[in-house]
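Results of the structural survey
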Amino acid sequence: MELRIGLIGLGTVGTGFVKLLLEKHGHIKGRYGLDLRLVGIADLVKGSAYDERGLDLARLLELSEREDSVLAYPGAVEFQQLGSLDLVREDGVDVVVEATPTNLRTGEPGYTHIREALENGKHVVTTNKGPIALRYKELRELAARKGVFLRFEGTVMSGTPCISMGFECLRGAEITRIRGIVNGTTNFILTEMSKGMPYEQALRKAQELGYAEPDPTADVEGWDAVAKVMILANVFLGSQLTVSDVEREGITGLTLEDIRAAEREDAKVKLVADIRREGGHVKASVKPRRVPLSDPLAHVDGVLNALIFSTDTVGDILIMGAGAGPRATGQAILSDLLWIHAYLSGDPKKAPRALFP
Ligand code: HSE
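The shown structure was predicted, so the numbers you read here are calculated from the model rather than taken from an experiment.

The next point concerns the overall build of the protein. In terms of regular secondary structure, the protein is built from twelve helices and twelve strands. Compactness check: the protein gives a C-alpha radius of gyration of 20 Å against a globular reference of 21 Å for 357 residues, within 12% of the reference. Counting only residues that meet the buried cut, the protein has 55% of its 357 residues in that class. Of the roughly 15,500 Å² of accessible surface on the protein, 50% is carried by carbon and sulfur atoms. Separation between the mean location of the 43 positive side-chain charges and that of the 49 negative ones in the protein comes to 4 Å.

Right, let's get into the site of the ligand. The environment of the ligand is formed by Lys129, Asn183, Gly184, Thr185, Tyr211, Ala212, Glu213, Asp219, Asp224, Lys228, Gly323 and Ala324. In the model, an oxygen atom of the ligand is placed 2.8 Å from a nitrogen or oxygen of the lysine 129 side chain. At 2.7 Å, a backbone N or O of glycine 184 approaches an oxygen atom of the ligand. Those elements that provide at least two residues to the shell around the ligand are α7 (184–194) and α10 (223–236). Class assignment of the residues belonging to the shell around the ligand gives a composition of three nonpolar, four polar and five charged.

Okay, the domain arrangement of the protein next. By a widespread convention, an interface's size corresponds to the accessible area lost as its parts come together. When cut into domains, the protein gives domain 1 (2–158 + 326–355) and domain 2 (164–322). Taken together, the contact between domain 1 and domain 2 spans 20 residues of the former and 27 residues of the latter. Summing both partners gives a buried area of about 1,700 Å² for domain 1 against domain 2, and 67% of it is carried by carbon and sulfur. The tally of links between domain 1 and domain 2 comes to three salt bridges. For glutamate 168, the salt bridge identified is with arginine 151, shortest N-O distance 3.3 Å. Elements supplying a minimum of two residues to the side of domain 1 that touches domain 2: α5 (129–146) and α12 (326–344). With six residues, α5 is the single largest residue contributor to the side of domain 1 that touches domain 2.

Using the criterion set out here, one finds zero disulfides in the structure. A disulfide-free cysteine, cysteine 162 has its sulfur positioned 11 Å from the sulfur of cysteine 169, the nearest such atom. Residue classification places cysteine 162 among the buried positions, given a relative accessible area of 0%. The class for cysteine 169 is exposed, based on a relative accessible area of 58%.

Here the focus is the environment of leucine 142. Among the structural elements, leucine 142 can be located in helix α5. Between the C-alpha atom of leucine 142 and that of leucine 82, which follows or precedes it by 60 residues, the distance is 25 Å. When neighbours within four sequence positions are excluded, leucine 142 is seen to be in contact with Arg115, Leu118 and Glu119.

What counts and what doesn't
- Residues numbered from 1 in each chain as written.
- Predicted model: local features only at pLDDT ≥ 70, side-chain atom pairs only at ≥ 80, totals over all residues.
- Heavy atoms only, no water.
- Helix = DSSP H or I, 4+ residues; strand = E, 2+ residues; numbered from the N terminus.
- Rg over C-alpha atoms; globule rule 2.2 N^0.38 Å.
- Buried < 20%, exposed > 50% of the residue type's maximum accessible area, 1.4 Å probe, protein only.
- Areas by Shrake-Rupley, 256 points an atom, 1.4 Å probe, with all protein chains shown as cover.
- Lys, Arg positive; Asp, Glu negative; His and termini not counted.
- Charge placed at Lys NZ, Arg CZ, Asp CG, Glu CD.
- Near = heavy atom within 4 Å.
- Polar contact = N/O pair within 3.5 Å; in protein donor to acceptor, adjacent residues only side chain to side chain.
- Nonpolar A, V, L, I, M, F, W, Y, C, P; charged D, E, K, R; others polar.
- Domains from an automatic or database assignment.
- Contact = heavy atoms within 4.5 Å.
- Buried area = accessible area lost by both parts, 1.4 Å probe.
- Salt bridge = Lys/Arg side-chain N within 4 Å of Asp/Glu carboxyl O.
- Disulfide = S-S within 2.5 Å.

Next up, the structure:
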């Protein structure tokens, strides 16, 4: 079986995914019997390329790294000639991977890409938080109506499978609270600050490592965490929170003295996301808090993220792992694609072979 992929956005995440696909293509074919074929790319700045036989990933990466452009790829065209909306409507594309940057005000351009892809009967895998945070209910209903999959593992905790855990592993359980650390950049900065590194230097390091958003204000002022909180609340606690429903405070007002003061009380300062049911409502916040060393969240350092899911059947479950980075986010896309493959390869009377590990 083959899945033909159209990729929108060749920034840090898109490039990380292409690199991982190049590395894992053979393994995926051997283990899952799937030819994951990247047939098209559309990037507003770098240009567009399409080849139904599959693009040459190594060549694409080489060109994109050297000239910051896919335009040099044989047969590539300007974005205006093959735009993202042309790509999502292309017959030769089965799955659209949407990896454009998050916009938490409008959800664009990701929202339109995803809606058009679903309307055109394509499965969608996205890492873009805006459309899922703002329009999840509508997009989920559209996907269901069209009989296609909408997957978004990479939107929260990158490749650490917290979305799959909530969806697949906790089927039947009621999730009553989710609390944790969901922004890698700020956790990295706070960890470096606790070792004595000044704020600015720690932020630069996080940017160099590909953790930060294109505009790091989204990370340090807590907006990125707010987007993730909205996703978790709206997907798992059935709420319909808007941006203004989430209490928000970033880390820019914190000083080294605040961090030292917490340490004197056997605590660490963490940017904590908290979503809970309270009197029939869902309450959510993102705030720096003093977390006592007795709390597992106090030991989640660097770019690591962690979430504690409280449930009515198994109590609390902690999931911890990478929260950002191109390779980890590439893994999220890959696992969503393989999940789609596993379900598509099914026969209602037979367990699909691709579901066996
Ligand atoms: N900028 C985000 C973070 C990337 O630092 O966690 C993943 O959404």
